[in-house]
Every structure is written in structure tokens, then in C-alpha cells.
Amino acid sequence: MNNQTQSLYSQIPAVDRLLNLPEMDGLLCEYGQHLVAESLRNLQQQARQEIGQHNRLPAWCQDWATAVKNDLSQRQRSGLQPVFNLSGTVLHTNLGRALLAEAAIEQVASVMRNAVTLEYDLDGAGRGHRDNVISDLLCELTGAEAACIVNNNAAAVMLMLAAVAAGKEVVVSRGELVEIGGAFRVPDVMRQAGCQLVEVGTTNRTHLADYRDAVSEQTGLLMKVHTSNYHIEGFTAAVNEETLVTLGRELGVPVATDLGSGSLIDLQQYGLPAEPMPQNLIASGVDLVTFSGDKLLGGPQAGIILGSKYWIEKIQRHPLKRALRAGKLTLAALEATLRLYQQPDRLAASLPTLRLLSRDKSEMQVMASQLITPLQQRYGEQFAVSIEPCLSQIGSGSLPVDRLPSYALTFAPMDGRGRTLEALAEKWRGLAKPVIGRIQDGKLWLDLRCLEDQDALLEGLLA
Ligand SMILES: *Cc1c(COP(=O)(O)O)cnc(C)c1O
């Protein structure tokens, strides 16, 4: 090691000395001795590496306090970082799906701070079961006799199958053997629940006779699965729930539907594509309906099973229910969300999911026109910044063909290079509140449908 290198190493101060610098006081106050000392040791290690590799001290050695501050704020960042979802998909599974209503947020905060009557009967009114409050609400909203709440809809389907038809055959149309994404595929879930899948019909056409012919002594359930993320068009036929219920009654076999998303209100009144409604299925006599809490319902991640008293009691008693039951935070958020549905005329304002989905494109156009000038000033040298019409998606397994007209700010690199575009997307992903857009047709698109705080976005993008 030559003298020069040696003198570089000796310019790295000892941790004790660095800790005693007056400019460290604020950091020690905020993060404590342990974290600051650990960060200093890491930084020293980095500095030694830099000397070893490049024979120089890193520039930040001029100011250890700032280096520690940056290091700690980076490492203390939550793994669940809030972002701007400008991807154009409202219920984005990778971004946490539905934003909760303020009422739900308050309710969750309250049950986190307090002991609550989760399974405690205050007045002898039979509330000693954790699902009861929500069951009552769900029954009022949907006309179902009873309900069961679990952690997500995949769990709801699994539990329903295990409780109703384990060791038996479950009849499903070949057109409805859905894969939702992740590891949720109807045939796999069947197997895990201990049921034997019996496929009937063909990919495009399934008739009532197909179901009838498949039913035997071994049949435990006739099941329909909402083909939420694809669409079969052309020469098609399917048996609706009402018809299947008639067959089920005749043969003494229960009928279930996995709706996936489902909507408790008629979305068409907001100019949105129609989604099947659980209450309509209950009215047509379906024994059990399952759907998600954090898709179109706009609540927390949860799975809801609606149905007859007889079957729901069987489901509640199944040992898997104990493993899949929802916690008090979920139940509190779900209850508060469902209460909003008791005032349907206010729902478009009170429920963020519906508010974002039902936004008129003119609203996004106005925001775009307010944002474009400062963004052109900031990015105009490298990018052509424009306002363009685009189509948002509902997401989370709502029909991908149903798109919602919106407006986006688009950034097209002047040099036409994909790498310039990638660099911009990466830069924005690295912001204090990352901005998530979508790259398409050689441009970065910021669909403004889910933007609620324009000033904060602008502050981030101009930083
Ligand atoms: C989304 C979906 C599921 C899974 O629901 P999660 O709440 O994500 O667990 C199951 N079935 C269908 C048809 C779906 O669309």
C-alpha cells in the first residue's frame, strides 16, 4: 500500500469522533445512538471500498452527517411506500387495490387503539361472534340469510368448497375454469379443498343437459365462476344461475357462484360497465355467493361468502374458518365501508373506488391542462410533453375490454430512445412519493384518473 492510499484511509474518522460531531445531534435525537452508529460503520465500509477500488475518498466524506441522514432515511423507508397510481388501472392488485373511505380509515384507527367487542356480547343480542355485525349489514344489503367473512376471496372459495363439497364432485363448465393470476386456478383450488372437479360442456358452449348428465350420487355442488378477466365471444352458450338453481333444486344439489368482484350497486347508473350483483344471484336462489372486499366493493382485502343459513353455518363450523378468519382491522374497515352502501345516493362521493371510476374525462382534462405548463418547462428539453386522451381500466379482474375514457400527460423522448424513457420512469419511481405511470407506444403515460392531489404530484415531478 503506498503512502497516498494510506493517508486516504487515515482520513476516515473513528465512529466515536463522528458521533460527537455537533451536526450529529439532530440525527441522534431522531434515530438514536444504535442506528446512527450502525449507519456510520456501513458508510466507513463503503468509503474503504472506494479507496480500495478507485484510490480516492468518496465526495460525501466531506459531510458525514448528511451521508448518515440520506442513508438512514433511505433504509427506514417503509416497505409499503405510498405512491401516485397513475398507471391507468384503478383497482391495481400490485398497488394494493381499493383505497379505503375516510369512514373506514377512522374506524380502523379506533379499533387499533381500543379493546373492542370483537367476540363479546354486550347486550345479549347475539353479537358474540366476530362476523355477526357484518353479516347483519350484508344480509340487509343483499337479502342473503347469512354471511361469513375471511381474509380474501381466494380463501372464501377454498373454504366454501371444503365445507360444502370435500370428498365430493363439483361440476363446473369448461368455459369457466378461470386462472385469476398468482396461483389461483379453479382446478387447483378444487384439489386443495379436497373436491373432485367435473368439467362439463366445451370452452365456448355449455348447456343445461351437460350439467344434468354430470350429476350423480357423488355430486356435492354445481358451481359457476364469473369469467372476470376474459371474454368468450361468438358462438357461445352458458347456463345462467336461475336455470342452474332450478336443476339443483330438482336434483337436491346446492349451487354456488364465485363472482370475484361483484358490485353491490348497479354500476350502469354511473355510466360504467355492468357487473353482476350478489343480491341478484341471491334473489335467483343461488345457495352461496363469494366475492372480494377490495375489488369493486371498495373496502379492505377480505372474502365474503353470502348464502343460506344452513350452508353458512356449516362453513362457519369448518376448521379452516378458524385459519382463514378476518382480524379486527379488516372487520372494522369492512363494516364502515358497507355502512356507506346504506346511503347509496352519497356513495359516489364517499367511496373512493366509485369516485375514481365514475370521474368524467373532462375532470382529468382540466387537471392535465393545469399541470402541463410547469411540466413542459421542467422536462421540455428532453421530452415532448402532451395531453392525450386514453382509456383507464377498472382492474382486478373486471373485464379488460371495458375501458373508461380518461386523459393522460404523455412524455415522448426527443431522441426517440427507449432508454431515455426507462430512465425517466426509473427517476420517478425513485421520488419521495414515487410516481407510477405506464410505458406504451414509445411514451410514458400518466393517466390522471386516480390523481387527487395535483399540488403534491407537481412538487414531486418538479423536484
Ligand atoms: C379476484 C378473484 C378471485 C380471488 O379474489 P382475491 O380477493 O384476490 O383473493 C377469485 N375468483 C375470481 C373470479 C376473481 O375474480
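Residues numbered from 1 in each chain as written. Predicted model: local features only at pLDDT ≥ 70, side-chain atom pairs only at ≥ 80, totals over all residues. Heavy atoms only, no water.

**Q** Pulling in residues and values, what's your account of the overall build of the protein?
**A** In terms of regular secondary structure, the protein is built from 19 helices and 15 strands. Taken along the three principal axes of its C-alpha coordinates, the protein extends 95 × 50 × 45 Å. Considering only contacts within the protein whose residues lie at least 6 apart along the sequence, 74% involve residues at least 24 apart. Carbon and sulfur atoms make up 48% of the accessible area of the protein, which totals about 22600 Å². Considering the protein, the positive charge centre built from 42 side chains and the negative charge centre built from 51 side chains are found 4 Å apart. (Helix = DSSP H or I, 4+ residues; strand = E, 2+ residues; numbered from the N terminus. Contact = heavy atoms within 4.5 Å. Areas by Shrake-Rupley, 256 points an atom, 1.4 Å probe, with all protein chains shown as cover. Lys, Arg positive; Asp, Glu negative; His and termini not counted. Charge placed at Lys NZ, Arg CZ, Asp CG, Glu CD.)

**Q** Which residues make up helix H4 (residues 64-75), and what are the values?
**A** The terminal C-alpha atoms of H4, which comprises 12 residues, lie 16 Å apart, in line with the 16 Å expected from a rise of 1.5 Å per residue. All of the buried residues in H4 are Trp64, Ala65, Ala67, Val68, Asp71 and Leu72. The buried residues of H4 occupy an angular sector of 160° when projected down its axis, which confines them to one face. (Expected span 1.5 Å × (residues − 1). Buried < 20%, exposed > 50% of the residue type's maximum accessible area, 1.4 Å probe, protein only. Arc of directions from axis to C-beta.)

**Q** Could you give me a rundown of the packing of helix H3 (residues 25-54) against H4, with the residues and numbers involved?
**A** Contact geometry for H3 and H4: axes closest at 9 Å, N-to-C directions at 100°. One way to sum up the angle between H3 and H4 is to call them roughly perpendicular. Contacts between H3 and H4 pair Leu27, Tyr31, Leu35, Val36, Glu38, Ser39, Leu40, Asn42, Leu43 and Gln44 from the former with Trp64, Ala65, Ala67, Val68, Lys69, Asp71, Leu72, Ser73 and Arg75 from the latter. Looking at the contact of H3 with H4 residue by residue, the class counts come to 11 nonpolar, four polar and four charged. (Axes fitted to C-alpha atoms, helices over the stretch in contact; angles between N-to-C directions. Parallel < 35°, antiparallel > 145°, perpendicular 65-115°, else oblique. Nonpolar A, V, L, I, M, F, W, Y, C, P; charged D, E, K, R; others polar.)

**Q** Residue-level account of the nonpolar core, with values.
**A** Counting 53 residues, the largest nonpolar core has Ile149, Leu222 and Leu338 as its most contacted members. The contact partners of Leu338, leaving out residues within four places of it in the chain, are Ile134, Leu137, Leu138, Leu141, Leu264 and Leu297. The next biggest cluster of nonpolar side chains, apart from the first, holds 33 residues, and it includes Leu159, Val172, Ala193 and Ile315. (Core = buried A, V, L, I, M, F, W, Y, C linked by side-chain atoms within 4.5 Å.)

**Q** I'd like a description of the sheet that holds strand S15 (residues 443-447), backed by residues and values.
**A** With antiparallel pairing, the four strands of this open sheet are ordered in space as S11-S12-S15-S14. Each edge of the sheet is formed by a strand with only one pairing partner; in this case those strands are strand S11 (383-393) and strand S14 (438-440). Direction aside, the axes of adjacent strands within the sheet are offset by 35° on average. Judged from the 11 bridges that link them, S11 and strand S12 (residues 403-413) form a sheet pairing that is antiparallel. (Pairing = 2+ DSSP bridges.)

**Q** I'd like to hear about the site of the ligand, residue by residue, with values.
**A** Near the ligand, the surroundings consist of Arg97, Asn152, Asn153, Ala154, Ile180, Phe184, His226, Ser228, Asp258, Gly260, Ser292 and Lys295. Note that an oxygen atom of the ligand is positioned 2.9 Å from one of the side-chain N or O atoms of Arg97. Measuring from an oxygen atom of the ligand, one finds a side-chain N or O atom of Lys295 at 2.9 Å. When the ligand is considered free in solution it has 380 Å² of accessible area, and contact with the protein chains removes 93% of it. Elements represented by at least two residues in the shell around the ligand include exactly helix H7 (153-165) and strand S8 (255-260). Classifying every residue of the shell around the ligand gives three nonpolar, six polar and three charged. (Near = heavy atom within 4 Å. Polar contact = N/O pair within 3.5 Å; in protein donor to acceptor, adjacent residues only side chain to side chain.)

**Q** Report on the sheet that holds strand S10 (residues 303-307), specifying residues and quantitative values.
**A** Strands sit in the order S2-S10-S9-S8-S7-S3-S6 across an open sheet of seven strands; the sheet is mixed. Single-partner strands in this sheet number two, and they are strand S2 (146-150) and strand S6 (196-200). Ignoring which end each strand starts from, the neighbouring axes of this sheet average 25° apart. For strand S7 (residues 219-225) and S8, the ladder comprises four bridges, and the chain directions are parallel. Each bridged residue has a counterpart across the sheet, and for Val225 the counterpart in S8 is Asp258. Strand contacts of helix H10 (residues 241-251): S7 and S8, with the helix running at about 175° to S7, the strand carrying the most contacts.

**Q** Lay out the UniProt feature "modified residue: N6-(pyridoxal phosphate)lysine" (unreviewed entry) in the protein in plain terms, naming residues and giving numbers.
**A** Per the UniProt record, "modified residue: N6-(pyridoxal phosphate)lysine" (unreviewed entry) is found at Lys295. With respect to the secondary-structure elements, Lys295 resides in the loop between strand S9 (288-292) and S10. Other than its neighbours up to four places away in sequence, Lys295 contacts Leu91, Arg97, Ala98, Gly260, Ser261, Thr353 and Ser396. (UniProt positions renumbered as here; feature names shortened; annotations may be inferred.)

**Q** Lay out the state of the cysteines in plain terms, naming residues and giving numbers.
**A** Taken as a whole and judged by the stated rule, the model has zero disulfides. Note on Cys195: no disulfide assigned, nearest cysteine sulfur contributed by Cys148 at a separation of 16 Å. By relative accessible area, which is 8% here, Cys195 ends up buried. (Disulfide = S-S within 2.5 Å.)

**Q** Break down the UniProt feature "domain: L-seryl-tRNA selenium transferase N-terminal" (unreviewed entry) in the protein for me, with residues and values.
**A** Feature annotation in UniProt assigns "domain: L-seryl-tRNA selenium transferase N-terminal" (unreviewed entry) to the following positions: residues 9-48. The span residues 9-48 is 78% helix and 0% strand, and its two end C-alpha atoms sit 7 Å from each other.

**Q** Please provide a residue-by-residue account of the pattern of salt bridges, values included.
**A** Throughout the structure, instances matching the rule amount to 15 salt bridges. Across the pair Arg174 and Glu199 runs a salt bridge, and its minimum N-O distance is 2.9 Å. Taken together, the residues span a long stretch of sequence, with Arg174 in the loop between strand S3 (169-173) and strand S4 (179-181) and Glu199 in strand S6 at a distance of 25 residues. With a closest N to O distance of 2.9 Å, Glu363 and Arg359 form a salt bridge. Beyond isolated ion pairs, a larger network of salt bridges with shared partners links Glu38, Asp71 and Arg75. (Salt bridge = Lys/Arg side-chain N within 4 Å of Asp/Glu carboxyl O.)

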